Amino acid sequence: MDLTLKIWRQKNATDRGGILTYKVTGVSPDSSFFEMLDMLNQQLIEGNQEPVAFDHDCREGICGTCSLFINGRPHGPKRGITTCQLHMRSFSNGDTIYIEPWRARAFPVIKDLIVDRGAFDKIIQAGGYVSVNTGGIPDANAIPVPKFNAERSMDAAACIGCGACVASCANASAMLFVSAKIAQFDYLPQGKVETTRRVQAMVQAMDALGFGNCSNMYACEAECPKEISIANIALMNRNFLKAKVCAEKEG
Amino acid sequence: MNNRLLKFASIGKKVTMGLAGLFLILFLLVHLGINLTLIRNDEGEWFRAASGFMGSNYLVKVFEIVLGAALLLHMILGVILWFENRMSRPVRYFRTNRSDTSFLSKYMFHTGVVIAVFLVIHFINFYFVKLGIVDPPPGVDTHDFYTMARLLFTNPVYSAIYIVALILMGFHLNHSFQSAFQTLGLNHNRYYTLIKRMALVYAVVVAAGFILIPVFYLIKY
Amino acid sequence: MSFPFNAKIPAGPLAEKWTRYRGEAKLVSPANKRKLDIIVVGTGLAGASAAASLGELGYNVKAFCYQDSPRRAHSIAAQGGINAAKNYPNDGDSIHRLFFDTIKGGDYRSREGNVYRLAEVSNQIIDQCVAQGIPFARTYGGLLDNRSFGGAQVSRTFYARGQTGQQLLLGAYGALSRQIHLGSVKLYPRRDMLNLVMENGKARGIITRNLVTGEIERHTAHAVVLATGGYGNVYYLSTNAMGSNITPAWQAYRKGALFANPCFTQIHPTCIPVHGDFQSKLTLMSESLRNDGRIWVPKKQEDAEKLRKKQITPADIPAEDRDYYLERRYPAFGNLVPRDVASRAAKERCDAGFGVGTGLAVYLDFEESLKRLGKEVIEERYGNLFQMYEQITGENPYTTPMMIYPAVHYTMGGLWVDYELMTNIPGLYAIGEVNFSDHGANRLGASALMQGLADGYFILPYTIGNYLAAEIHTPRMTTKEPSFDQAAAETEARLNRIMQIQGKQSVDKLHKKLGHIMWEYVGMGRNEAGLRKALEELPKLKEEFWADIKVPGTLHEFNPEIEKAGRLIDFIELGELIARDALLRAESCGGHFREEMQTSDGEAKRDDEHFTHVSAWQFNEETEPVLLREDLVFEAVELKQRIYK
């Protein structure tokens, strides 16, 4: 396959950046998208040019490191996968492919296609955990959990924190990411204990970091590589309202 | 209750906007009910009675203020959120975002603006007349809304504007109805399909119901 | 020469050693903990759990990772599950049995004391993880579900769909995030540890490169904990993440830490086969698939050939012409034999000409399970794995059997540590995959997660106190002392040297060459001639690196090529050590298979008389590395040939 690539190049955070055009030839349809970019970088290095910087690590769709906004969609044209799972057989010979970094105020570009998603870590730090220390805990089977709840919790917990929800959202909102963590814990008795506190703290952190608001367009759900449901957002809203309206004020 | 947070939190704003929206959605049903009397062959007898009641009842007057506040709140929050959302992506994508979304949801703000413009026209034609800010059309009594409506609906240009505005309002309503439930956290797998269907039915009934009136008048006169 | 370091195994009966140790270990008072700094490098299961637990105890912790977030460490990719001796299914499991299975699975090349402790704390790990809100699989009664894994005849594996590693890591990441929020842990993401700083013979700090700015940074501490994972990427193609590297451990080795059993590498039997030269990475299909999938190749070579030419499909081969070779050779364990056994059996069939696909693949077939259990059950158990397979290969495993082949996966070898998980450098600890301690010559499935979390949550927090109790009077160092200047200068000199070469070959190109040598001569089946060949080739490759590597850009910016180049040179040096170790260990055990040493029916033949020891290598700048042997003493178990028939 021969392809034309239009890639966002930006030297560093302060550089203005722009789209540059590259050609790659002889790409195997069996190779992954990143293997195609590896080929391009090999070419660039041999031609004394700087290779394209992009985030990637596990290359099996679970670490959430990879990003890329490909032809107007996060993680490319296919549903339910990350960019590293995207294979070139999803494209045709002669295609022009636009490759851009995630765009959001909360995700500033570091270089080329790499953005800083530290904002997600900050949201988790605000409350995305169960506050237990190591040790001194009851037996694992002490509290039964309905299978259904465990499954729903797992559905939400499948989030890999890649940021595709933010990238795809017209408002760069992080609601799907935040709600997935809140739902994971809310479905389990161990996590539910803290829902009231957690949901307020995490939403507050989310707002402070400059993400947009949810306008229920559901692009996040459609583009999420783990297909996290927007029902989690409703669950978060419900819990947020409960915390603000029904729960007694703490402290 | 932490008022400060509720006021400023993104979800707080959305919820307020959604509640105001739901209130407007309810009001539209009342409005539609009254308007539909226009298509009775009674030379406006029922319509005059209904608008007379709406114009004189004290409870309705209180309700009017609440309604105005809800509308204003809904619009102001809509503009604030839109502005914030624009701010949250200072550098746009080079290639347009083609992420899968429902078509209508993308244009909520745009349809909202169209509705707002239409409302201004609507207010000039009716509400401001009632308040005495605008003079009624020559030869028509200040409280004779039936004649005013009939004059407008028999005007093809006005009717065309009216119909287009209401189709767009239908789009706005379809998304906003289910959207409000999602925002209020009432989206369950148990109710999800039901709410979506209700949204569609509501939007079609309201838009079609209002549109029926100019169509009726254009055909009849 | 007798082994010069003390493994510090507590005295007493096996089952009491850990209790006794905890009872006697020195403690640090809360007020003093605040004065002590600990550096933790790596934020996988071991690193994140250790950093979080140490933070909870009140130490000042600095956590480092090369990824942009601690949550991305490669522990996240572990699929199948985590073992524990809970015996919830009531099928006869116990701490002793888990201990025994692990020792036997490791082919009797690990320490009894360490392994017993691992089995002992395994149950607490499950309790801890459940308390953290990890959504483990459950039964309709609401209790935890178990499944079975290779090398065990009981169901002791706890799991969260095919994403157990992800869920456990996110649990540890949550605990870590909580400590960051509380201020007891400071996080340094996108940092490569490039050097170890020593003062008075003790580990006192590290030198890192800020991957975003390129700045060389100095960090001090009273103890340094390495939790940097394994070195599978020495083979270029492996199931490891692209960034997984040995550099922190290798720099520690160059500073005097012993590197133990480097030749013990694990080849995982169920990976998606290699499909082309451009390939950058191999994808694992969880071992749990072997619970319900049956492995086979055609009985007739001509069928295999037709399959390779795509003249027929697997469905065309009738049951009687299929060779379920694992069930045939190992009736007792069948498809659930340990990984090393399953891998070698696949290689044996493919080498004999029965391979399918490219010739280097065997079938993993779900036809029968789909019939027996229905698509829904299979989907619930393995849905995401099937999806992943289809994504990569373009084939649907519900309708046609999967193709699999062994690939490098885990490395049992690593930094030598004593019972306290401290290396021979005082104050330098190694936990998780980067140490050598618990898996001997082969690791059982679902034990890596167990070991990482055991080390991080329940072992290191106790043992590190025993060392730090004596350090409470040691003042904090500044980063301006000569030891830091020297270490930083070393690192800068090395980076500058690499940048100045400006040769012709990219890092990836040379890395592929390294991978080729390693897989060819130091891979699944090893022999003396091949290993000698590797020992000839690797020094040449090292020269090639220093003469011809090409790194574009500068040091003072985000530059992935310089990161990779630094890692590669350490891998090349490590490759040599692996080959050396493999050559000297003239026996077959676990993942280390010497073709000269096999029984008449092709099973691994150990040589307990000469090799019941840990081979710990000591770096020497002038001469070749020095081999030190720590003898393994077995009191509770009897050394036997591993039989899974």
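Residues numbered from 1 in each chain as written. Chains lettered and ligands numbered in written order. Predicted model: local features only at pLDDT ≥ 70, side-chain atom pairs only at ≥ 80, totals over all residues. Heavy atoms only, no water.

A. Structural detail: the overall build of chain A. When helices and strands are tallied, chain A shows 9 helices and 7 strands. With respect to the principal axes defined by its C-alpha atoms, chain A has extents near 65 × 35 × 35 Å. The burial tally for chain A puts 67% of its 251 residues in the buried class. Within chain A, contacts between residues separated by at least 24 positions form 68% of all contacts whose residues are at least 6 apart in sequence. (Helix = DSSP H or I, 4+ residues; strand = E, 2+ residues; numbered from the N terminus. Buried < 20%, exposed > 50% of the residue type's maximum accessible area, 1.4 Å probe, protein only. Contact = heavy atoms within 4.5 Å.)

B. Structural detail: the pairing of strand E2 (residues 60-64) of chain C. Residue and element names in this part refer to chain C. Among the 5 residues of E2, 4 are classified as buried, and the element is accordingly described as predominantly covered. Looking at chain direction, strand E1 (residues 37-41) and E2 are connected through 5 bridges and run parallel. The residue of E2 that forms the bridge with Ile39 is Lys62. As for the winding sense of the linkage, the β-α-β connection from E1 through helix H3 (residues 45-57) to E2 is right-handed. (Pairing = 2+ DSSP bridges. Right-handed = clockwise from strand over helix to strand, strands pointing away.)

C. Representation of the packing of helix H9 (residues 231-246) of chain A against helix H2 (residues 10-36) of chain B. Direction vectors running N to C along H9 of chain A and H2 of chain B enclose 95°, while the axes themselves pass 11 Å from each other. In terms of orientation, H9 of chain A and H2 of chain B fall into the roughly perpendicular class. On H2 of chain B, the residues touching Met236, Asn237, Phe240 and Leu241 of chain A of H9 of chain A are Ile11, Gly12 and Val15 of chain B. Of the residues contributing to the contact of H9 of chain A with H2 of chain B, the split by class is 5 nonpolar, 2 polar and no charged. (Axes fitted to C-alpha atoms, helices over the stretch in contact; angles between N-to-C directions. Parallel < 35°, antiparallel > 145°, perpendicular 65-115°, else oblique. Nonpolar A, V, L, I, M, F, W, Y, C, P; charged D, E, K, R; others polar.)

D. Inspection of the pattern of salt bridges at higher detail. One pass over the full model with this rule turns up 82 salt bridges over all chains. Here Asp112 of chain A and Arg9 of chain A are joined by a salt bridge, their closest N and O atoms 3.2 Å apart. On the criterion of sequence distance, the pair formed by Asp112 of chain A in the loop between strand E6 (109-111) and strand E7 (114-115) and Arg9 of chain A in strand E1 (residues 3-9) is long-range, its members being 103 residues apart. Across the pair, Arg9 of chain A and Asp112 of chain A agree in class, each one buried. Measuring nitrogen to oxygen at the nearest pair gives 2.8 Å for the salt bridge that ties Glu64 of chain B to Lys130 of chain B. Of the two residues, Glu64 of chain B sits in helix H4 (residues 58-87) while Lys130 of chain B sits in helix H6 (residues 108-131), which places them 66 residues apart along the sequence. Judged by its relative accessible area of 25%, Lys130 of chain B falls in the partly exposed class. Salt bridges sharing partners connect three or more residues here, namely Asp107, Arg109, Asp340, Arg344, Arg585, Glu587, Arg606, Asp608 and Arg642 of chain C. (Salt bridge = Lys/Arg side-chain N within 4 Å of Asp/Glu carboxyl O.)

E. Main features of unusual backbone geometry. The backbone of Ala172 of chain A sits at a positive phi, close to 50°, despite the residue not being glycine. With respect to the helices and strands, the residue Ala172 of chain A is situated in the loop between helix H4 (164-168) and helix H5 (175-186).

F. Just empty space enclosed by the protein, in detail. All names here are of chain C. Scanning the entire structure with this criterion turns up 13 cavities of 30 Å³ or more. Considering only enclosed or pocket space, the largest cavity measures out at about 820 Å³ in volume. Taken together, 49 residues form the lining of the largest cavity, with His74, Ser75, Gly229, Gly230 and Glu433 sitting closest to its centre. Mapped onto the lining of the largest cavity, the elements with two or more residues apiece are H3, strand E7 (191-199), strand E16 (402-411) and helix H13 (448-468). (1 Å grid on protein atoms, 1.4 Å probe; cavity = no way out; pocket = protein on both sides within 12 Å on 5 of 7 lines; lining within 4 Å. Points joined across faces, edges and corners; volume = space filled by probe spheres on them.)

G. Up close: the interface of chain B and chain A. In this complex, chain B contributes 42 residues to the contact, which on the side of chain A involves 50 residues. Note on chain B versus chain A: buried area summed over both sides is about 3,800 Å², and carbon and sulfur give 55% of it. Arg73 of chain A is the salt-bridge partner of Asp100 of chain B, the closest N and O atoms lying 3.7 Å from each other. At the boundary of chain B with chain A, the tally comes to 27 residue pairs in polar contact (both at pLDDT 80 or more). For the side of chain B that touches chain A, the secondary structure elements donating two or more residues are helix H1 (3-8), H2, H4, helix H5 (103-106) and helix H8 (156-183) of chain B. Broken down by class, the residue content of the side of chain B that touches chain A amounts to 15 nonpolar, 19 polar and 8 charged. (Buried area = accessible area lost by both parts, 1.4 Å probe. Polar contact = N/O pair within 3.5 Å; in protein donor to acceptor, adjacent residues only side chain to side chain.)

H. Quick peek at the side chain of Asp365 of chain C. All names here are of chain C. Tracing the backbone through its elements, the reader meets Asp365 in strand E15 (residues 362-365). Relative accessible area serves as the criterion here: at 7%, Asp365 is assigned to the buried category. Of the polar contacts made by the side chain of Asp365, one reaches the backbone nitrogen of Glu367; its length is 3.0 Å. Among all residues touching Asp365, those that are not within four sequence positions of it are Asp292, Gly293, Arg294, Trp296, Arg322 and Pro401.

I. Just the sheet that holds strand E9 (residues 216-220) of chain C, in detail. Residue and element names in this part refer to chain C. The sheet built from 3 strands is open, its strands ordered E7-E8-E9 with antiparallel pairing. Single-partner strands in this sheet number two, and they are E7 and E9. Going across the sheet, the axis of each strand differs from the next one's by a mean of 25°, ignoring polarity. Looking at chain direction, strand E8 (residues 202-210) and E9 are connected through 5 bridges and run antiparallel. Bridge pairing in E9 links Ile206 to His219.

J. How the structure looks around the sheet that holds E16 of chain C. Residue and element names in this part refer to chain C. With antiparallel pairing, 5 strands are arranged side by side in an open sheet as E12-E16-E15-E13-E14. The sheet terminates laterally at strand E12 (265-271) and strand E14 (322-323), the two strands that pair on one side only. As defined by bridge partners, E15 adjoins E16 across 3 bridges and the pair is classed as antiparallel. Bridge pairing links Leu364 to Met402 in E16.

K. The arrangement of the chains, seen in detail. With 2 pairs of chains in contact overall, the contact-richest pair is chains A and C. Over all C-alpha pairs, chain B and chain C never come within contact, reaching a minimum spacing of 20 Å.

L. Region of the structure containing helix H14 (residues 482-501) of chain C. Residue and element names in this part refer to chain C. Over its 20 residues, H14 runs 29 Å from end to end, which matches the ideal 28 Å to within 8%, given 1.5 Å per residue. Those residues of H14 not exposed but buried are Ser483, Phe484, Ala487, Ala488, Thr491, Leu495, Ile498, Met499 and Ile501. Contact partners of the buried residues in H14: E7, E8, E9, helix H16 (528-548) and helix H17 (560-584). Looking at the residues trailing H14, positive phi occurs at Gln502, about 45°. (Expected span 1.5 Å × (residues − 1).)

M. Spotlight on the packing of aromatic side chains. For the structure on display, the rule yields 52 aromatic pairs over all chains. Here the aromatic rings of Phe3 of chain C and Trp416 of chain C are separated by 5.3 Å at their centres, their planes lie at 55°, and the arrangement is tilted. Note that Phe3 of chain C is positioned in the segment before helix H1 (17-24) and Trp416 of chain C in the loop between strand E17 (414-415) and strand E18 (428-430), a separation of 413 residues in sequence. Grouping aromatic residues by their ring pairs yields a cluster made of Phe118, Phe153, Tyr158, Tyr162, Phe216 and Tyr217 of chain B. Taking NZ or CZ as reference, Arg22 of chain C lies 5.7 Å from the ring centre of Tyr462 of chain C, over its face. Its guanidinium or amino end placed over the ring of Trp546 of chain C, Arg497 of chain C lies 3.7 Å from that ring's centre, counting from NZ or CZ. (Phe/Tyr/Trp six-rings, centres within 6.5 Å; stacked < 30°, edge-to-face > 60°. Lys NZ or Arg CZ within 6 Å of the ring centre and 35° of its normal.)

N. Here's a closer look at the domain arrangement of chain C. Residue and element names in this part refer to chain C. Splitting chain C by domain gives domain 1 (268-409) and domain 2 (482-631). Between the C-alpha centres of domain 1 and domain 2 there is a distance of 31 Å. Facing the 11 residues of domain 1 at the interface are 11 residues of domain 2. Inspection of the region where domain 1 meets domain 2 yields 1 salt bridge. Between Arg329 and Glu603 there is a salt bridge, and its shortest N-O distance comes to 3.1 Å. At the junction of domain 1 with domain 2, the criterion picks out 4 residue pairs in polar contact (both at pLDDT 80 or more). Among the secondary structure elements, those contributing two or more residues to the side of domain 1 that touches domain 2 are helix H10 (339-351) and E16. (Domains from an automatic or database assignment.)

O. Region of the structure containing the interface of chain A and chain C. Tallying the contact residues gives 74 residues for chain A and 79 residues for chain C. At the boundary of chain A with chain C, total buried surface from both sides reaches about 6,200 Å², with 51% on carbon and sulfur atoms. Run the count over chain A and chain C and you get 10 salt bridges. Across the salt bridge formed by Asp155 of chain A and Arg161 of chain C, the nearest N and O atoms sit 2.9 Å from each other. At the surface where chain A touches chain C, the tally comes to 44 residue pairs in polar contact (both at pLDDT 80 or more). Elements with a contribution of two residues or more to the side of chain A that touches chain C: helix H1 (33-46), E6, E7, helix H2 (118-127), helix H3 (147-157) and H5 of chain A. Ranked by residue count, the leading element in the side of chain A that touches chain C is H3 of chain A, at 7 residues. For the side of chain A that touches chain C, a count of residues per class yields 32 nonpolar, 21 polar and 21 charged.

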